[in-house]
Amino acid sequence: MRVVPVIDTRVDALSCDYPDGRYQCKMTTVSSGKTLRADHEIEGADELKKLLSKGFVMFALELVSTVSLISTLELAEEGKSTQTVVLDPSSVAEQGAQARPGLIAVRNCTLSGSGLSPAWQEFGGRIPVQAGQWLARGQHYELASPQTSLMKFVADKELRRREMRCRFAHPSYEIVMHPDDLAQCQQNEAQPAAKAVMLAAWVSALADANNRSAFGGHADGDVGEDGEQREPLGHQLAAKIKALDPACPTPGEEDYDPLRAATVLLGEDLITFDSEGVPP
Amino acid sequence: MKSKYQIVPENVEHNFRMWQQSLVEPKRSMNPAPTLVAKQQELVRSATSIESLCSYLVQQLNIKPDLISLPPNIQAVTSDEMLNAPAEWDRYVGCQLLQVPRIEALSSPWWYICHIAWLERGVFPDPPDTTFNARINPRILESNPETIPNSASKKLDDATRNLLRRLGGLPHIRRLYRVAEDPPIPRAYWRCRIAADATASAPANSGLTFEKCHALLHSGQWGRFIERTQNAYSSLLSPRSLAAVCMIADSNKKGVRMDHLQVIARRCLQTHPDLADWAYLSRTVVPSSAKSKQTGKDSSTTKNRQARRTHKRNR
């Protein structure tokens, strides 16, 4: 199958097929995370817009959950740039699920070279496109927030007031607090005292993550009966730290500083005193 | 069937995590703490009879009797079947459980509840330690935890891990998806689930049957397939791409190989398998030997050309 020009706006992508082409997809979860709304937008690629209006190509979301071992393709309605997908709670609305947006050919068609980089002009004629080929790809969207899925707050009345503990409870960290302290933090999340507790919790977890090599270091020696070693954890969180502050070292890197990483994460308003570990 | 969050109560999930963490440390210790040894002894000792294993698990996880009545029934199995998982058995057991929703089937505590129910219903032979690969010398179980030799504590730790993996997984150590790989019955379920989805996604005229697909997943390296889909080629999670892998593997008569996974993943880089032309997606991989033969032809042609040039020069 011949390669076709693509507008690729994913972080690692090197896309220079359309010098003026832009594609982006804004995604939001609504109805407590049960529905995903995607607003696709394409600019500077008139030929793709024409194919879109004729129904040869459509906006699409690929929903993948490597944890639930599931992958589905959801197409937007013909010619529409907004789509809503009801997430099946028995499959994709779980940790590790991603929505991958793009523009996809649904029928075989041809693409003219207008708007393409000079390298594509050499083809001269029209470029054949086959059904299933991606013509634009956007940034992946995590359906579950890695922060909240990696941190849970648990009440334990065995603890004294103002005593806290951090323990690793795969796949997340549990911050154990006295029930009254936890209730107080949940009620006053915006107060400095609650923020200090949150910071302490994250520093503790991120320091442990570094020691434990949960971010991709050495294996822990536990092997299955087939001799396979366990896999490293926490790539999502490391990626999130990098996305928020590319200069901030992540666990396992030189000059890693758990306090700095924690403050980077706390810059986001996504983190709450969530005892369920589900996205807000 | 209800969803996981309605079936497995939060307190059971919590007890499950705490219990597993108290039994197995992430990193094996050469000199485990006596309290850990004592706990492992208690678990492995309980596996010497169905009654004691059930009572131990119910107590540790605090499972109410109504939960144990929920799992579907399966036919009785033997220890050999559980240890070797022959293809026929794997398919038979997996198909009996296809009604279980995916999300349920990824929950370790849910499979523990199932195993407790099946133990109580007489699905496994008594004593269960052989079935779950946790039989060790009884003297190790009676040793003093303070003075137990290293070799004995290692055997005890191995038996503990085997038992926990085979009852439904060890998610705090091995990743959650290992529940599709470590315990024999959940593994059978997942092979059948994925084979059924792949077969349904292949065109009717492809000739791909559920039996063929399952046989390929069974004969191929299932663990590696699961691992690859998780860590390298998530496009293989699409049932249609897996169907294409099965078609290629079937035509090569050698089961699922790494290069089959790689070639389909490569085809899915630019094309989504659900919309791609089936003939393109499932096109047979040219074996590397055939490629080298072709190269051989080319090189011989090159050699001929060189010979002709030399001959001209000499003239």
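Residues numbered from 1 in each chain as written. Chains lettered and ligands numbered in written order. Predicted model: local features only at pLDDT ≥ 70, side-chain atom pairs only at ≥ 80, totals over all residues. Heavy atoms only, no water.

**Student:** Sorry if this is basic, but what is going on with the overall build of chain B here?
**Tutor:** Across its full length, chain B carries 19 helices and zero strands. Here chain B holds 315 residues, and the buried ones make up 52% of them. Contacts spanning at least 24 positions in sequence make up 73% of the contacts within chain B whose residues lie at least 6 apart. For chain B, the exposed area adds up to about 14,300 Å²; of that, 50% sits on carbon and sulfur atoms. (Helix = DSSP H or I, 4+ residues; strand = E, 2+ residues; numbered from the N terminus. Buried < 20%, exposed > 50% of the residue type's maximum accessible area, 1.4 Å probe, protein only. Contact = heavy atoms within 4.5 Å. Areas by Shrake-Rupley, 256 points an atom, 1.4 Å probe, with all protein chains shown as cover.)

**Student:** Where do I start with unusual backbone geometry in this structure?
**Tutor:** As a rule of thumb, non-glycine residues mostly have phi less than zero, and peptide bonds are mostly trans rather than cis. Between B:Asp126 and B:Pro127 the backbone carries a cis peptide bond, its omega angle lying at 5°. In this fold, B:Pro127 is placed in the loop between helix H9 (108–120) and helix H10 (128–131). With a phi angle near 65°, A:Asp255 is a residue other than glycine that sits in the positive phi range. Take A:Asp255: it is sitting in the loop between helix H6 (235–244) and helix H7 (258–266). Residue classification places A:Asp255 among the exposed residues on the basis of a relative accessible area of 64%.

**Student:** Looking at this structure, how should I read the pattern of salt bridges?
**Tutor:** Here the idea is simple: oppositely charged side chains can pair when their charged atoms come close. Scanning the entire structure with this criterion turns up 21 salt bridges over all chains. For the salt bridge of B:Arg191 with B:Asp90, the shortest nitrogen-to-oxygen distance reads 2.7 Å. Pair noted here: B:Arg191 is in helix H13 (residues 184–201) and B:Asp90 is in helix H7 (residues 87–96), with a separation of 101 residues, a long-range link. Relative accessible area serves as the criterion here: at 0%, B:Asp90 is assigned to the buried category. Connected through salt bridges with shared partners, the residues A:Glu47, A:Lys50 and A:Arg126 form a single ionic network. (Salt bridge = Lys/Arg side-chain N within 4 Å of Asp/Glu carboxyl O.)

**Student:** Sorry, what's going on with the confidence of the model for chain B here?
**Tutor:** Predicted coordinates in areas of low pLDDT are best not read in detail. All names here are of chain B. Confidence along chain B averages 85 in pLDDT terms, with 87% of residues attaining 70 or more. Counted against residues more than four places away or in other chains, residues 1–5, with its pLDDT under 50, gives 13 contacts. Low pLDDT, under 50, characterises residues 292–301; the predicted model gives this stretch zero contacts beyond four residues in sequence or across chains. (pLDDT = per-residue confidence, 0-100.)

**Student:** Help me understand the packing of aromatic side chains, please; the structure alone is not making it clear to me.
**Tutor:** For any pair of aromatic rings, the description consists of the separation of the ring centres together with the inter-plane angle of the planes. Residue and element names in this part refer to chain B. Evaluated as defined, the whole model comprises ten aromatic pairs over all chains. Aromatic pair Phe16 and Trp19: ring centres 6.3 Å apart, planes at 50°, arrangement tilted. Remark: Trp19 and Phe16 occur in helix H2 (residues 10–23); sequence separation between them is three residues, near one turn of the helix. Centroid distance Tyr189 to Trp190: 5.2 Å. Interplanar angle 85°. Geometry classified as edge-to-face. (Phe/Tyr/Trp six-rings, centres within 6.5 Å; stacked < 30°, edge-to-face > 60°.)

**Student:** Is there a simple way to think about the nonpolar core in this case?
**Tutor:** Side chains of nonpolar character tend, in soluble globular proteins, to be buried together. Grouped together as the largest cluster of nonpolar side chains are 95 residues, with contacts concentrated most on B:Trp19, B:Leu97, B:Trp111, B:Trp118, B:Phe124, B:Ile185 and B:Trp190. No other element matches H9(B), which puts nine residues into this core. Of the domains in this structure, domain 1 (4–178) and domain 2 (202–281) of chain B are the two that each give at least three residues to this core. If you look at the next biggest cluster of nonpolar residues, it comprises 34 residues, including A:Ala45, A:Leu63, A:Ile127 and A:Val129. (Core = buried A, V, L, I, M, F, W, Y, C linked by side-chain atoms within 4.5 Å. Domains from an automatic or database assignment.)

**Student:** Just to check I follow, could you spell out the pairing of strand S10 (residues 134–137) of chain A for this structure?
**Tutor:** Residues and elements named next belong to chain A. Alignment of strand S1 (residues 7–8) against S10, held across two bridges, turns out to be parallel. Paired with Ile7 across the strands is Ala136, a residue of S10. Bridge count between strand S7 (residues 97–105) and S10: three bridges; the pairing is antiparallel. Paired with Ile104 across the two strands is Trp134, which belongs to S10. (Pairing = 2+ DSSP bridges.)

**Student:** In this structure, what is going on with the environment of B:Ser22? I would like to understand it.
**Tutor:** Residues and elements named next belong to chain B. Relative to the elements of secondary structure, Ser22 occurs in helix H2. Relative accessible area serves as the criterion here: at 25%, Ser22 is assigned to the partly exposed category. Residues Ser22 and Leu36 lie 14 residues apart in sequence; the distance between their C-alpha atoms is 7.1 Å. Leave out the neighbours within four places in its chain, and Ser22 touches Leu36 and Lys39.

**Student:** Teacher, can you tell me more about the pairing of S7(A) here?
**Tutor:** Two faces make up the sheet, and in a regular strand the side chains alternate between them. All names here are of chain A. The element S7 is extensively covered by neighbouring structure, given that nine of its nine residues are classed as buried. Neither face of S7 is left uncovered, since the one carrying Ala97, Ala99, Pro101, Leu103 and Ala105 and the one carrying Gln98, Arg100, Gly102 and Ile104 both have all their residues buried. Summarising the sheet, strand S4 (residues 57–65) and S7 pair through nine bridges and their orientation is antiparallel. The residue bridging Phe59 from the neighbouring strand is Leu103, located in S7. Note: S7 against strand S11 (residues 141–142), two bridges, orientation antiparallel. Note on S11: the bridge partner recorded for Gln98 is Glu142.

**Student:** Hey, could you run me through the confidence of the model for chain A in this one?
**Tutor:** All names here are of chain A. Residue-level pLDDT values for chain A average 78, and 76% of them are 70 or greater. Averaged pLDDT values for the elements of chain A fall to 47 in helix H3 (residues 146–149) and rise to 94 in S10. With pLDDT under 50 throughout, residues 214–233 is counted as low confidence; its partners more than four residues away or in other chains account for 67 contacts. A low-confidence stretch, residues 274–280 (pLDDT under 50), is modelled with 20 contacts involving residues beyond four sequence positions or located in other chains.

**Student:** Can you walk me through the side chain of A:Glu174 in this structure?
**Tutor:** Mapped onto the secondary structure, A:Glu174 falls in strand S14 (residues 172–177). Within the structure, A:Glu174 has its side chain in polar contact with the side chain of B:Arg17 (distance 2.6 Å). (Polar contact = N/O pair within 3.5 Å; in protein donor to acceptor, adjacent residues only side chain to side chain.)

**Student:** Would you explain the environment of B:Ser49 in this entry?
**Tutor:** All names here are of chain B. Tracing the chain through its elements places Ser49 in the loop between helix H3 (34–46) and helix H4 (50–61). By relative accessible area, which is 23% here, Ser49 ends up partly exposed. For the pair formed by Ser49 and Pro128, sequence separation is 79 residues and the distance between their alpha carbons is 6.2 Å. Only 2.8 Å separates the side chain of Ser49 from the side chain of Ser52, close enough to count as a polar contact.

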